[in-house]
Amino acid sequence: MVDISVAISSLKLENPTLLASGILGISPKTFMRIKKSGAGGIVTKSIGLEPNDGYSAPTLVEVEGGYLNAMGLPNPGCEAFSEELREADWLDMPIIVSVFGSSPEELAKIVDSFEDTPCQAYELNLSCPHVSNVGVEVGSDPRSVYELTSAIKQKSKKPLFVKVTPMVPDVIEIAKAAEEAGADGITAVNTMKGMVIDLKIGRPILHNRVGGLSGPALKPVAIRCVYELYKSLNIPIIGCGGVTTWEDAIEFFMVGATAVQVGTAIASRDLILFQEIVDGIIKYLEEKGHDDLKGIIGIAHKR
Amino acid sequence: MELLTSVNRPRICKILSVQNESATMKTFEFADDECSAATAGQFIMLWIPGVDEFPLSLSNIKSGSVSVTVKPWAEGSNSLYKMRTGELIGVRGPYGRGFQLKGRSAALVGGGTGIAPLIPLAEALLSEDREVTLLLAAKTRSELPFLAKATKLMDFDKGELILTTDDGSIGVKGQAPKTLNSLMGKKKIDMVYVCGPEFMMQKVVQLSIARGIEVQASLERIMKCAIGLCGSCCVGDLILCRDGPVLDSHELIKVEDELGLLTRDKSGRISSL
Ligand SMILES: Cc1cc2nc3c(=O)[nH]c(=O)nc-3n(C[C@H](O)[C@H](O)[C@H](O)COP(=O)(O)OP(=O)(O)OC[C@H]3O[C@@H](n4cnc5c(N)ncnc54)[C@H](O)[C@@H]3O)c2cc1C
Ligand SMILES: Cc1cc2nc3c(=O)[nH]c(=O)nc-3n(C[C@H](O)[C@H](O)[C@H](O)COP(=O)(O)O)c2cc1C
Ligand code: FES
């Protein structure tokens with residue numbers, strides 16, 4: 001019997017698939033449905049200090065090989081969302097709350113509001129490509145990354161994963177800053193900035209003009225980032241970007257990921273794709289004679 | 001994933017005609033092959049470049065052209081309301097699960113803009129030779145949309161049109177659920193369809209379930225992506241843009257504790273309806 005459960009710091013997952021941040025991730029009842037569809041756990045929408053409506057629409061548009069989105073970090077704010085989680089005491093599954101903020105004080109307050117909820121770990125989103133002051137600007141500066149990561153680690157004993165942007169010359173430098181500040185894992189990666197124009201009216205389709213590229217087109221970039229990080233870090237990596245099939249997940253494990261997150265693929269494949277990915281991973285490990293994921297994590301680094 | 005799909009990207013269409021549907025609603029006609037293939041109850045995301053993109057039900061589905069019907073509320077619907085023949089809109093979709101055609105004798109209950117998807121539904125049911133009772137509700141006569149079209153459509157053996165207004169200025173005075181209740185006492189209705197203000201849908205759903213009659217309701221929630229990614233439209237554990245907007249009896253019972261009571265605003269915060 002193959003065992004595909006994984007532990008990332010003290011967070012235990014029945015299987016190595018997670019729902020990526022910003023995808024659904026807002027209603028506790030849907031979290032349970034996603035779990036029943038086969039996911040090992042979920043990452044919530046990124047939550048800030050205050051409620052935020054997000055940008056005007058269009059906020060999402062399909063492009064070659066994926067989607068561009070400029071949702072604008074819509075979220076109910078930490079007070080309302082933590083209250084909703086607190087009331088959902090029947091939630092019996094790994095919940096990772098994604099948080100964003102522009103200062104250590106702000107993040108400390110946000111994290112504080114989730115300490116007594118079913119939240120089991122945090123993900124720090126330092127990598128949203130289309131919102132200023134809380135996204136890639138801070139996420140591209142190792143000093144800010146260090147400060148913001150430390151702020152959360154000082155406030156909470158729960159595991160903290162830091163989500164990085166691929167839009168930096170050196171992703172290792174950023175991830176190392178997070179590791180030094182006490183991060184328990186790195187999520188790689190968030191979306192990359194892109195734009196799409198409608199020819200008939202000659203203007204960008206997204207209301208915000210610029211949006212983040214996700215889906216299969218992002219996968220090779222994400223695979224490269226995980227590959228680079230695996231060599232230089234001592235903490236686990238969660239792969240994210242374009243995972244659509246079990247083969248994609250295996251590719252992430254081979255470059256060094258311990259778990260994967262799935263986002264955009266849900267649009268074309270439905271929630272049941274979690275079970276398909278999980279079944280595919282099990283079948284692959286069985287065929288190759290591995291007892292667990294350890295047998296394949298990082299093997300692409302061998303020369 | 002299919003490359004370069006035309007479904008999840010706005011297609012630019014010219015407005016072919018604009019018609020006053022009532023004192024407070026207008027119908028906009030445009031041509032789009034994908035929408036012509038839609039089923040009643042499905043919706044589109046309509047883009048007004050530079051302003052906003054929002055969901056609208058198709059109020060007419062024909063092979064040459066389709067239409068949407070809108071009531072002005074805020075920025076998005078206000079700017080559509082002001083648009084004229086020849087101006088350009090973006091359209092993506094159609095999305096979601098529409099009405100399922102069922103039963104021998106259906107009652108269709110509509111209020112306000114919720115009447116929009118019931119018009120193509122009535123047409124589809126009649127074309128399959130099913131009996132249709134169309135029950136349209138409004139505050140007052142001048143706000144009752146689709147009057148001419150509904151009258152013409154119901155002018156068959158198999159069709160009956162019942163109007164209700166709060167002030168009695170036309171048809172039965174009172175509220176739609178009450179009129180439906182007395183209709184159910186007189187006629188053998190075996191399928192109820194409803195779309196309108198949510199408190200009205202809640203009553204109609206409760207009434208139908210109490211009488212053991214199957215019911216389908218088309219719900220509204222904030223919709224931003226329409227493809228099941230953003231989560232803005234969740235009701236219970238349902239993702240309304242994909243699992244709905246039309247829910248069946250089984251699903252409606254599942255979301256009973258939210259129906260007519262709770263919704264989420266654009267930030268995702270729960271608020272009461
Ligand atoms: C599947 C689906 C189908 C729809 N079909 C239609 C349709 O056929 N015709 C139509 O006119 N609308 C329809 N709507 C509603 C429509 O999408 C918009 O909500 C509405 O047009 C207002 O948009 P807006 O951008 O002007 O206002 P928004 O900026 O979205 O809303 C501003 C505020 O106005 C109020 N408001 C908005 N809409 C309503 C409403 N319907 N009832 C009461 N208060 C409201 C709310 O308080 C809201 O916060 C549908 C919605 C969904 C989800
Ligand atoms: C609609 C949408 C909303 C997103 N919102 C967030 C968010 O709030 N926080 C975040 O960290 N990432 C967000 N992301 C990025 C995803 O979590 C993920 O990093 C990215 O989409 C790549 O994975 P995928 O190709 O599997 O979608 C969002 C992506 C999409 C498509
Ligand atoms: S509108 Fe985005 S999930 Fe339904």
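You'll find the structure just up there.
About the criteria used
- Residues numbered from 1 in each chain as written.
- Chains lettered and ligands numbered in written order.
- Predicted model: local features only at pLDDT ≥ 70, side-chain atom pairs only at ≥ 80, totals over all residues.
- Heavy atoms only, no water.
- Pairing = 2+ DSSP bridges.
- Helix = DSSP H or I, 4+ residues; strand = E, 2+ residues; numbered from the N terminus.
- Axes fitted to C-alpha atoms, helices over the stretch in contact; angles between N-to-C directions.
- Near = heavy atom within 4 Å.
- Polar contact = N/O pair within 3.5 Å; in protein donor to acceptor, adjacent residues only side chain to side chain.
- Areas by Shrake-Rupley, 256 points an atom, 1.4 Å probe, with all protein chains shown as cover.
- Nonpolar A, V, L, I, M, F, W, Y, C, P; charged D, E, K, R; others polar.
- Contact = heavy atoms within 4.5 Å.
- Buried area = accessible area lost by both parts, 1.4 Å probe.
- Salt bridge = Lys/Arg side-chain N within 4 Å of Asp/Glu carboxyl O.
- Core = buried A, V, L, I, M, F, W, Y, C linked by side-chain atoms within 4.5 Å.
- Buried < 20%, exposed > 50% of the residue type's maximum accessible area, 1.4 Å probe, protein only.
- Domains from an automatic or database assignment.

Q: What exactly am I supposed to notice about the sheet that holds strand β7 (residues 88-95) of chain B here?
A: In a beta sheet, neighbouring strands are held together by backbone hydrogen bonds and run either parallel or antiparallel to one another. Residues and elements named next belong to chain B. Read across the open sheet, the seven strands follow the order β1-β7-β4-β5-β6-β3-β2; overall the sheet is antiparallel. Bordering the open sheet on either side are β1 (11-14) and β2 (17-22), each of which pairs with just one other strand. For this sheet, the mean angle separating the axes of adjacent strands, direction not counted, is 40°. Here six bridges tie strand β4 (residues 43-48) to strand β5 (residues 52-61), and the two strands are oriented antiparallel to one another.

Q: What exactly am I supposed to notice about the site of ligand 2 here?
A: All names here are of chain A. Near ligand 2 there are 23 residues, and of these Ser21, Ser46, Lys163, Gly242 and Thr264 occur at the shortest range. Note that an oxygen atom of ligand 2 is positioned 2.6 Å from one of the side-chain N or O atoms of Thr264. Protein contacts shield 96% of the accessible area of ligand 2, which totals 610 Å² for the unbound molecule. Tallied by class, the residues present in the shell around ligand 2 amount to nine nonpolar, 13 polar and one charged.

Q: Is there a simple way to think about the interface of chain B and chain A in this case?
A: Accessible area lost upon the coming together of the parts is a frequently used measure of interface size. Facing the 39 residues of chain B at the interface are 47 residues of chain A. Counting each side, the surface lost to burial between chain B and chain A is near 3,600 Å², with a carbon and sulfur contribution of 60%. Counting every contact that joins chain B to chain A gives five salt bridges. Viewed at the interface, chain A and chain B are joined by 18 residue pairs in polar contact (both at pLDDT 80 or more). The set of elements that each furnish at least two residues to the side of chain B that touches chain A consists of β5, β7, β15 (238-239) and α7 (240-243) of chain B.

Q: How do you make sense of the nonpolar core when you look at a structure like this?
A: Within soluble globular proteins, side chains that are nonpolar tend to cluster in buried spots. In terms of nonpolar packing, the biggest core is built from 135 residues, with Phe114 and Ile186 of chain A together with Leu180 of chain B touching the most fellow members. For this core, the two domains that each supply at least three residues are domain 1 (2-95) and domain 2 (105-272) of chain B. If we ignore the near neighbours within four places in the chain, the residues touching Leu180 of chain B are Ala107, Val109, Leu135, Val192, Val204 and Leu207 of chain B. One finds Ile115, Ala122, Val132 and Ala150 of chain B within the second-largest nonpolar core, a separate group that totals 27 residues.

Q: In this structure, what is going on with the site of ligand 1? I would like to understand it.
A: All names here are of chain B. Inspection of the region around ligand 1 gives 19 residues, with Pro55, Thr69, Ala74, Ser77 and Lys266 positioned closest. Between ligand 1 and Trp73, the relevant distance is 3.5 Å, taken from a nitrogen atom to a side-chain nitrogen or oxygen of the residue. At a separation of 3.4 Å, an oxygen atom of ligand 1 approaches a polar backbone atom of Gly76. Contact with the protein chains removes 72% of the 910 Å² of surface that ligand 1 exposes when unbound. For the shell around ligand 1, the secondary-structure elements that each account for two or more residues are β5, β6 (66-70) and α2 (75-81). Its residues assigned to classes, the shell around ligand 1 shows nine nonpolar, five polar and five charged. Counting only domains with at least three residues in the shell around ligand 1, you end up with domain 1 (2-95) and domain 2 (105-272).

Q: Explain helix α8 (residues 246-255) of chain A here, please?
A: At 3.6 residues per turn, the α-helix brings residues three or four places apart onto the same side. Residue and element names in this part refer to chain A. Here α8 has its buried residues at Asp248, Ala249, Ile250, Phe252, Phe253 and Val255. Next to the buried residues of α8 lie α7 (219-232), β15 (237-240), β16 (259-262) and α10 (273-288). Phi turns positive, to about 130°, at Gly256, one or two residues after α8.

Q: In this structure, what is going on with the pattern of salt bridges? I would like to understand it.
A: Pairing between side chains becomes possible if they bear opposite charge and their charged atoms approach one another. Here the structure, examined in full by the defined rule, presents 26 salt bridges over all chains. Here Arg130 of chain B ties to Glu128 of chain B by a salt bridge, and the two come within 2.6 Å at their closest N and O atoms. Put simply, Lys29 of chain A together with Asp257 and Glu258 of chain B are held in one network by salt bridges that share partners.

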